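Each chain, letter by letter, is given below.
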There are 2 protein chains.
Amino acid sequence: MPHEPQNAPPGTLDMMILSLLAEESLHGYLIARRIEERSGGVLGIEEGSLYPALQRLRKRKAVTDEWSTQDSGREVRVYSITRVGRAELVATATRWRLVNAAIEKIIQDIKGGRRVKLA
Amino acid sequence: MPHEPQNAPPGTLDMMILSLLAEESLHGYLIARRIEERSGGVLGIEEGSLYPALQRLRKRKAVTDEWSTQDSGREVRVYSITRVGRAELVATATRWRLVNAAIEKIIQDIKGGRRVKLA
DNA sequence: GCATAGACCTAGTTTATCTATGCAACGGTG
DNA sequence: CACCGTTGCATAGATAAACTAGGTCTATGC
């Protein structure tokens, strides 16, 4: 039985978007789909979170956008990462891993009942 | 050069508190100190975050509290984890790790400049 | 006596997610 | 053609959980 998709923890969405855009330029809707696929269905991004996030990124010049026409003739807004965005990505990913390691130090060794005494 | 203490990512504070209380009962102020110590100074918890978190935990019966007198003669409010709290801890820690692994799948392989093409 | 640290607490702000809604174009099917 | 599900963009308001900034009181050390 698969689990319900989880929200992106606050602060992580911008980082994930930048990471996908570091690989290739994408339009908004596809970004959300990619996050869901890549996470194996664990993460689910709502459009009401996605588009505000893209606006934030644009405002701080971490991404650029360009309207483009698909083969179908349809207009989509394609986002690309900037130099500023790449720097932000490296910084936030580093901080994320640091914080996560710290949290892991605190919650380590959780068993069902009691915990293992360490020293 | 050490870094500034980071905030607890939203949703993680309750989990960390429960994890410390699973080890031993503590009063509020000490919980914050422990989180800072154990994280090697990476995490810093403000009292304005701590006490509301303890209230939440109390309301949902994840912890119990008892006023106790220290050797100094001072009154402190000591918190203990409940059965409900232990169950919550296991559940939230499992979910946290799941989500974190998913995020890691997405942001993996970030280098300074461009990324490694995988397949 | 007075400053510093320990210990508790609350009000209001901020931020980033969500839900809910709206609109429009494309694709396939009866 | 009419319909409907999916794609695609967007905004408004709700919610949650951290924060800042303030306040009170007690023990300890100089």
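Computed from a predicted structure; not experimentally measured.

## Describing the interface of chain B and chain A
Step number 1: With 38 residues of chain B in contact, the opposing surface of chain A contributes 38 residues.
Step number 2: Across the chain B to chain A interface the summed buried area is about 3,400 Å²; carbon plus sulfur atoms make up 69%.
Step number 3: Remark: the boundary between chain B and chain A carries 2 salt bridges.
Step number 4: Put simply, Arg97 of chain A and Glu104 of chain B hold a salt bridge, and the shortest N to O gap is 2.5 Å.
Step number 5: Taken together, the connections running from chain B to chain A amount to 6 residue pairs in polar contact (both at pLDDT 80 or more).
Step number 6: For the side of chain B that touches chain A, the elements supplying multiple residues, two or more each, are α1 (13–23), α2 (28–38) and α4 (83–107) of chain B.
Step number 7: Ranked by the residues each element gives to the side of chain B that touches chain A, the list is headed by α4 of chain B, at 16 residues.
Step number 8: The class makeup of the residues in the side of chain B that touches chain A is 20 nonpolar, 8 polar and 10 charged.

## A short note on the pairing of strand β3 (residues 75–81) of chain A
Residue and element names in this part refer to chain A.
Step number 1: Where strand β1 (residues 26–27) meets β3, 2 bridges bridge the pair, whose relative direction is antiparallel. Residue pairing for β3: His27 is matched across the bridge by Val78.
Step number 2: Pairing between strand β2 (residues 63–69) and β3: 7 bridges, direction antiparallel. What sits directly across from Trp67, in β3, is Arg77.
Step number 3: Connecting the antiparallel pair β2 and β3 is a turn made up of 5 residues, with Gly73 showing a positive phi of about 95°.

## Here we look at the sheet that holds β1 of chain A
Residue and element names in this part refer to chain A.
Step number 1: Read from one edge to the other, the open sheet built from 3 strands follows the order β1-β3-β2, with strand pairing classed as antiparallel. Two strands bound the open sheet, and with one partner strand each, they are β1 and β2.
Step number 2: In this fold helix α1 (residues 13–23) packs onto β1, β2 and β3, with an angle of close to 90° to the strand it touches most, β3.

## Comments concerning the protein's contact with DNA strand D
Step number 1: Among the 28 residues in the neighbourhood of DNA strand D, the closest are listed as Gln55, Arg74 and Arg77 of chain A together with Ser49 and Arg56 of chain B.
Step number 2: Between DNA strand D and Tyr29 of chain A, the relevant distance is 2.6 Å, taken from a phosphate oxygen to a main-chain nitrogen or oxygen of the residue.
Step number 3: In the environment of DNA strand D, a phosphate oxygen lies 3.3 Å from a nitrogen or oxygen atom belonging to the backbone of Gly11 of chain B.
Step number 4: With 5 residues, the single largest contributor to the surface near DNA strand D is helix α3 (residues 47–59) of chain A.
Step number 5: Residue composition of the surface near DNA strand D, grouped by class: 9 nonpolar, 13 polar and 6 charged.

## Considering the relation of the copies chain B and chain A
Step number 1: Under the fitted operation, chain B is carried onto chain A by 0.0 Å of movement along the axis and a turn of 180°, and the coordinates agree to an RMSD of 0.0 Å. Seen this way, the second copy is the image of the first under a two-fold rotation axis. The C-alpha atom lying nearest the rotation axis in chain B is that of Pro10 of chain B; the distance is 3.2 Å.
Step number 2: Comparing interface residues between copies, 100% of those in chain B also lie at the interface in chain A; the contact surface is shared.

## Overview of the packing of α1 of chain B against helix α3 (residues 47–59) of chain B
Residues and elements named next belong to chain B.
Step number 1: Where α1 contacts α3, the axes come no closer than 10 Å and their chain directions differ by 75°. Here α3 runs roughly perpendicular to α1, going by the angle between their axes. From α1, Leu13, Asp14, Ile17 and Leu18 reach across to α3, where they touch Ser49, Leu50, Ala53, Leu54, Arg56 and Leu57.
Step number 2: Split into classes, the residues belonging to the contact of α1 with α3 amount to 7 nonpolar, 1 polar and 2 charged.

What counts and how
Residues numbered from 1 in each chain as written. Chains lettered and ligands numbered in written order. Predicted model: local features only at pLDDT ≥ 70, side-chain atom pairs only at ≥ 80, totals over all residues. Heavy atoms only, no water. Contact = heavy atoms within 4.5 Å. Buried area = accessible area lost by both parts, 1.4 Å probe. Salt bridge = Lys/Arg side-chain N within 4 Å of Asp/Glu carboxyl O. Polar contact = N/O pair within 3.5 Å; in protein donor to acceptor, adjacent residues only side chain to side chain. Helix = DSSP H or I, 4+ residues; strand = E, 2+ residues; numbered from the N terminus. Nonpolar A, V, L, I, M, F, W, Y, C, P; charged D, E, K, R; others polar. Pairing = 2+ DSSP bridges. Axes fitted to C-alpha atoms, helices over the stretch in contact; angles between N-to-C directions. Near = heavy atom within 4 Å. Least-squares fit on C-alpha atoms with pLDDT ≥ 70 in both. Parallel < 35°, antiparallel > 145°, perpendicular 65-115°, else oblique.

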